[in-house]
Structure formats: C-alpha cells, structure tokens
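# Observations on the three-dimensional arrangement
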Amino acid sequence: MKKLNIYFTAGIPQLEDTADIIKTIQDSGADMIEIGMPYSDPVADGPVIQQAHERALENGMNIEKLFSQLKSIKGEIKIPVILMGYINPVLSFGFEKFCRECAESGVSGLIIPDLPPIEFEKNYQEILERHHLNFTFLVTPETSDERILYLDSLSSGFLYAVSSSSTTGNENTILSNEEYLSRLASLPLKNPVMIGFGIKSKKDFESVTEKADGGIIGTAFVKILLENQHWKDKAQSFIKNIKN
C-alpha cells in the first residue's frame, strides 16, 4: 500500500484549527502529516501555500503556538507528524530548544529545504539524533545520482523527491517524469521515496507512486482549507478518495 502524506500550513483557516485538521487528516486514512511552519518568505512554495503562510502569520501563528497546539493532542495522534519550514525562524527559536520541543510535542521528523547538507552534517545532525528526530532532504530531476545517494545517506524517515524543478502547486508541473522516477527506483536507496509537488487527485497519486513508496499532497489540500469555511467534510472526502 502506497503511503499518503498530507501537508497543510499551521494556523489556517483560523489560528486554533490546527489540532482539528491534524485529527481530520489522521481519521481520514492518511499515513503521515506534514505541517508547514508559517514564514514570511517561503521560497520553495507556490502562490497557494504562500497565501496560506500570509494568512497564518496574520492569524498570529508562530512556532511557540504550534508546539502548544501539538502538545494538546499528542496522545491522540498515532501517525508520524513532520514539521516543514525554513531555517531562519528555527535558528531564531534556538535549534537545540526547537528539537527538544519537537520531541516533547510528538513530532517525528523535520524538513528544512534551505538547510545545506554540509551545514547539516557539521552543526545539526548530532542534535537531531540526540532528540530522536528524522531529517528529510529533497532531490529534484536535476540532482545527480551521486548527490541523490549522498542526500539519501544523510536523510532518515524518507527521501523527498520533488517531481519537477518548480515551486509547489505549479500548474505546469510535469508529473509523469518517467525517466526521473525510474532512475530513483533503480538506485540503492536506504530510505523510502515520497514524491511531492503537483499531485492533485487520485489519478495523479497512483501515477507518481507506481515507482515510489508514496506521495505528498500539499497545495490541493491547502486550497480546500483556504476556500471552504466548512472545510472538514471536503477535506475528509478528498483524502478518503485518494486512499480508497
């Protein structure tokens, strides 16, 4: 069974909706949850998720608040929770303190796209390991085999394979990048491969996960939260439709 990872930005549509969204994602059958920490300059994200970051910041979401929301439901969440964000807010919070809070909040891993692997190895890997946190690197169709193997060796939990070299939610994302997906499947990777960027439907999900272990859906899910005041039913049926 292919794994489904659902991404959303913490603090939308309303500041206090985070716990409810996490429970909805879990109850609808997703295998893991990726929570975006709002940031004023989310360079890897497309317009929908950028809009979500803006809304969340306007709502007053911050790292401290997110940890308190996660702690409030820690005992109820049985699937992995991953935090995705950018390095600046994490450094401002304090890296060691951030990792400690993650461990205490039930977070199992991190994705920080703008943290260079050399910095990671030198300054942060040991801290993450001490707090039993996974760390996931991203690869793209342009990443060489040698570098994919290097990033896979540093990653734990899974390897995030970006389906194209664009930002998230790009309408022109080419999902069926056969050569790239076959190349990934042929490499002796230690981590499962999750494909992300541009998956909007069950058909997309099935297509990209033919040669991968799972898929990550972000923009399509965030759109549901941004565009529907009563988002819960839509969110549930969206996830159930992909998983069933």
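Everything numeric here is computed off the predicted structure, so don't read it as measured data. (Residues numbered from 1 in each chain as written. Predicted model: local features only at pLDDT ≥ 70, side-chain atom pairs only at ≥ 80, totals over all residues. Heavy atoms only, no water.)

## Brief notes about empty space enclosed by the protein
One way to see where empty space is left: roll a probe the size of a water molecule over the atoms. This is how it is decided: Both cavities and pockets are sets of points on a 1 Å grid over the protein atoms alone; in a cavity a 1.4 Å probe fits but cannot get out, in a pocket the set is open with protein on both sides within 12 Å along at least five of seven lines, and lining residues sit with an atom within 4 Å of a point. Grid points are joined across faces, edges and corners, and a volume is the space filled by probe spheres set on the points. Each residue is assigned to one class: nonpolar for Ala, Val, Leu, Ile, Met, Phe, Trp, Tyr, Cys and Pro, charged for Asp, Glu, Lys and Arg, and polar for all the others, Gly among them.
Throughout the structure, instances matching the rule amount to 1 cavity of 30 Å³ or more. In this structure, the largest cavity occupies an estimated 40 Å³ of space. Around the largest cavity sit Tyr 7, Gly 36, Met 37, Asp 45, His 53, Met 84, Gly 85 and Tyr 86, which together line it. Of the residues in the lining of the largest cavity, the class split is 4 nonpolar, 3 polar and 1 charged.

## Quick notes on the pairing of strand β8 (residues 193-196)
The line we're drawing: For every residue, the accessible area obtained with a 1.4 Å probe (protein chains only) is divided by the maximum for its type, and the residue is called buried under 20%, exposed over 50%, and partly exposed between those limits. Only runs of H or I of at least four residues qualify as helices and only runs of E of at least two qualify as strands under DSSP, and these elements are numbered from the N terminus. Only strands that DSSP links by at least two bridges are regarded as paired with each other.
Side chains Val 193 and Ile 195 of β8 all project onto a buried face; the interleaved residues Met 194 and Gly 196 project onto the opposite face, where all are buried too. Relative to β8, strand β7 (residues 159-162) runs parallel, the two sharing 4 bridges. Bridge assignment links Ala 161 to a residue of β8, and that residue is Ile 195. Judged from the 3 bridges that link them, β8 and strand β9 (residues 214-217) form a sheet pairing that is parallel. Paired with Met 194 across the bridge in β9 is Gly 214.

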